[in-house]
Amino acid sequence: MLRTTDPTTEPPVLPDGTDPLLRLEYEMQPATGPGATRCLSHPHELAFGGIPATCTACRARRDWMLINRGRNVWIRCRCSNQWLEPEISRADFDALIDSPDVTNYPSVERCLAAHGFDGALAGTYLE
């Protein structure tokens, strides 16, 4: 599972003279709460009511990035086309998380680029 540390508010400022190791530990903590943005790579097909999800830009049918913020979940294709999917709830997103391994990224854009969902790998399927 992939997570970003894209907070909705500014993090609290630690006082000057704070131990550098404590500062690093604080900065490495994953974003939590309703304002956290979480990303999840989903290599398989998605179907809603028996109809498979298909990218309207490149017609891809699998290998998605799911992006969750609050109640909303967006689907992003490798061609960088993205849309809000009202059929996926936050509970559905949480149910798809099957790995305790978490990678933190400073922003959603960095996460997308690191996993090839920024358009650089358009037209490819990775397994």
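Only a predicted model underlies this, so the values are computations on that prediction, with no experimental measurement involved.

Comments concerning unusual backbone geometry
Point 1. Non-glycine residue R59 carries a positive phi angle of around 70°.
Point 2. Along the chain, the position of R59 falls in the loop between β4 (51-52) and β5 (64-69).
Point 3. Unlike most non-glycine residues, D63 shows phi in positive territory, near 70°.
Point 4. Mapped onto the fold, D63 is located in the loop between β4 and β5.
Point 5. Given the relative accessible area of 2%, D63 is considered buried.

Examining the nonpolar core
In globular proteins that are soluble, nonpolar side chains generally tend to be buried together.
Point 1. Within the largest apolar cluster, 15 residues are counted, with the highest numbers of intra-cluster contacts made by L46, C55, W64, L66 and I75.
Point 2. Among the secondary structure elements, those contributing two or more residues to this core are β5 and β6 (72-76).
Point 3. For C55, the residues in contact, after removing those within four places along its chain, are A60, W64, C77, C79, N81 and W83.
Point 4. The next biggest cluster of nonpolar side chains, apart from the first, holds 8 residues, and it includes M65, I67, L112 and F117.

Overview of the packing of aromatic side chains
Point 1. Taken as a whole, this structure holds 1 aromatic pair when the rule is applied.
Point 2. Aromatic side chains W64 and W83 sit 5.6 Å apart centroid to centroid with 85° between the ring planes, which places their arrangement in the edge-to-face category. In this pair, W64 sits in strand β5 while W83 sits in strand β7 (residues 82-84), placing the two residues 19 residues apart along the sequence.
Point 3. Exposure remark for W64: the relative accessible area of 0% places this residue in the buried category.
Point 4. Its end group placed over the ring of F117, R78 keeps NZ or CZ at 4.0 Å from the ring centre.

Some thoughts on the confidence of the model for the protein chain
Point 1. Averaged over the protein chain, the pLDDT score is 78; the fraction of residues at 70 or greater is 71%.
Point 2. Within the protein chain, the element-level pLDDT minimum falls on strand β1 (residues 2-4), averaging 49, and the maximum on β7, averaging 96.
Point 3. Counted against residues more than four places away or in other chains, residues 5-10, with its pLDDT under 50, gives 13 contacts.

Cut-offs and rules
Residues numbered from 1 in each chain as written. Predicted model: local features only at pLDDT ≥ 70, side-chain atom pairs only at ≥ 80, totals over all residues. Heavy atoms only, no water. Helix = DSSP H or I, 4+ residues; strand = E, 2+ residues; numbered from the N terminus. Buried < 20%, exposed > 50% of the residue type's maximum accessible area, 1.4 Å probe, protein only. Core = buried A, V, L, I, M, F, W, Y, C linked by side-chain atoms within 4.5 Å. Contact = heavy atoms within 4.5 Å. Phe/Tyr/Trp six-rings, centres within 6.5 Å; stacked < 30°, edge-to-face > 60°. Lys NZ or Arg CZ within 6 Å of the ring centre and 35° of its normal. pLDDT = per-residue confidence, 0-100.

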